[in-house]
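Examining the three-dimensional arrangement
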Amino acid sequence: MMANILILIGIITMSLTFWVVSMTASSYYDNLRPVSPWRWMFSVLVPLIITSHALKNKSLDYGGAIGALLVGIILTVANFSFFSALLTFFVSSSKLTKWKAEAKKRLDAEYKEGGQRNWLQVFCNGGIPTEIALLYMIENGPGEIAINFSKQYTASWMCLSLLGALACSSGDTWSSEIGSVASKRQPRLITT
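Note that this is a predicted model, so its numbers are computed, not measured. (Residues numbered from 1 in each chain as written. Predicted model: local features only at pLDDT ≥ 70, side-chain atom pairs only at ≥ 80, totals over all residues. Heavy atoms only, no water.)

A short note on the overall build of the protein chain
Assigned secondary structure in the protein chain consists of seven helices and zero strands. The order of helices and strands in the protein chain, counted from the N terminus, is α-α-α-α-α-α-α. When the 192 residues of the protein chain are sorted by exposure, 35% land in the buried category. Sequence-distant contacts, at least 24 apart, represent 67% of the contacts inside the protein chain between residues at least 6 apart. Accessible area of the protein chain: about 12,100 Å², with a carbon and sulfur share of 67%. (Helix = DSSP H or I, 4+ residues; strand = E, 2+ residues; numbered from the N terminus. Buried < 20%, exposed > 50% of the residue type's maximum accessible area, 1.4 Å probe, protein only. Contact = heavy atoms within 4.5 Å. Areas by Shrake-Rupley, 256 points an atom, 1.4 Å probe, with all protein chains shown as cover.)

Considerations on the packing of aromatic side chains
The full count for this structure, using the stated rule, is seven aromatic pairs. Taking the centre distance of 5.1 Å and the plane angle of 70° together, the rings of F82 and Y136 count as edge-to-face. Of the two residues, F82 sits in helix α4 (residues 80-98) while Y136 sits in helix α6 (residues 119-140), which places them 54 residues apart along the sequence. Under the relative-accessibility criterion, F82 is labelled buried at 1%. (Phe/Tyr/Trp six-rings, centres within 6.5 Å; stacked < 30°, edge-to-face > 60°.)

Section: the packing of α6 against helix α7 (residues 153-182)
Interaxial distance between α6 and α7 falls to 9 Å at its minimum, and their mutual angle equals 170°. Classified by the angle between their axes, α6 and α7 sit roughly antiparallel to one another. Between α6 and α7, the residues in contact are N125, I128, P129, I132, A133, L135, Y136, E139 and N140 and T154, A155, M158, C159, S161, L162, A165, L166, S169 and T173, respectively. Within the contact of α6 with α7, the residues separate by chemical class into 12 nonpolar, six polar and one charged. (Axes fitted to C-alpha atoms, helices over the stretch in contact; angles between N-to-C directions. Parallel < 35°, antiparallel > 145°, perpendicular 65-115°, else oblique. Nonpolar A, V, L, I, M, F, W, Y, C, P; charged D, E, K, R; others polar.)

Regarding the nonpolar core
With 27 residues, the main nonpolar core has L75, F82, A133, Y136 and L162 as its most contacted residues. Those elements that provide at least two residues to this core are α2 (37-56), α3 (62-78), α4, α6 and α7. For this core, the leading source of residues is α3, giving eight residues. Not counting residues within four places of it along the chain, the set of residues in contact with F82 comprises L75, A133, Y136, C159, L162 and L166. (Core = buried A, V, L, I, M, F, W, Y, C linked by side-chain atoms within 4.5 Å.)

Digging into the pattern of salt bridges
A complete count under the given rule lists one salt bridge for this structure. When the shortest N-O distance is used, the salt bridge between R39 and E144 registers 2.8 Å. Of this pair, R39 sits in helix α2 while E144 sits in the loop between α6 and α7, and the two are 105 residues apart along the sequence. With a relative accessible area of 12%, R39 lands in the buried category. (Salt bridge = Lys/Arg side-chain N within 4 Å of Asp/Glu carboxyl O.)

Points about a nonpolar patch on the surface
Nonpolar side chains collect at one region of the surface, where I147, F149, Y153, W157, L160 and L163 lie side by side and expose about 570 Å² of accessible area between them. Mapped onto the elements of the fold, I147 is located in the loop between α6 and α7. (Patch = residues over 30% accessible without salt bridge, like charges linked within 9 Å, V, L, I, M, F, W, Y side chains within 5 Å.)

Description of the environment of F123
Here F123 lies in helix α6. The partly exposed category is assigned to F123, whose relative accessible area is 34%. As for F123 and V71, which are separated by 52 residues in sequence, their C-alpha atoms are 8.1 Å apart. In this view, F123 contacts G67, L70 and V71; residues no more than four positions away in its chain are not counted.

What about the confidence of the model for the protein chain?
Scored by pLDDT, the protein chain has a mean of 81; 80% of the residues are at 70 or more. Across the protein chain, the element-wise mean pLDDT spans from 67 in helix α5 (residues 101-107) up to 90 in α3. (pLDDT = per-residue confidence, 0-100.)

Focus on the environment of I138
Relative to the helices and strands, I138 resides in helix α6. When its relative accessible area of 66% is taken as the criterion, I138 is described as exposed. Separated by 60 residues in sequence, I138 and A78 place their C-alpha atoms 9.6 Å apart.

What to know about the side chain of S43
Here S43 lies in helix α2. Within the structure, the side chain of S43 is placed 2.7 Å from the backbone oxygen of R39, a separation counted as a polar contact. Leave out the neighbours within four places in its chain, and S43 touches I73, T76 and V77. (Polar contact = N/O pair within 3.5 Å; in protein donor to acceptor, adjacent residues only side chain to side chain.)

Pasting the structure below:
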């Protein structure tokens, strides 16, 4: 109980610190909009809850949890639709990783219990979306902007690029998780 209270106090303190920094930065740079303390709190608290749940369910190891927390916070601060796309990717990929785990153990000697992802896998799948989210925040500031190429050309391309990067990661993960156990034949390399 006391640990939970200390964690909550730490999250509130970190959120308010980020808010003070964003207020200070927005006073120096006129084109920056400050991020509300509620957005900071949501952006820290929700990824922390999801990451701790994934760590407990063995979907992530400790390095992967730290990487996922960083990616989750950045994408959530940038745009809530980025967060929802990341959450959809993570939940669906985690479920597919655990799907037919016994068959995957027989096929792969290096299969980890629960399909734990490490920091390298997190940054391979989330690195490009994180970079795009940071560029989005530098260009437009955090917040939701509708995709409209005539008014918000750069922001629209960044949103679609981020969603495309997550779609690519999803396709790669889903194909390897489903294809390894659903196919009756050996995989075929299309370049040969």
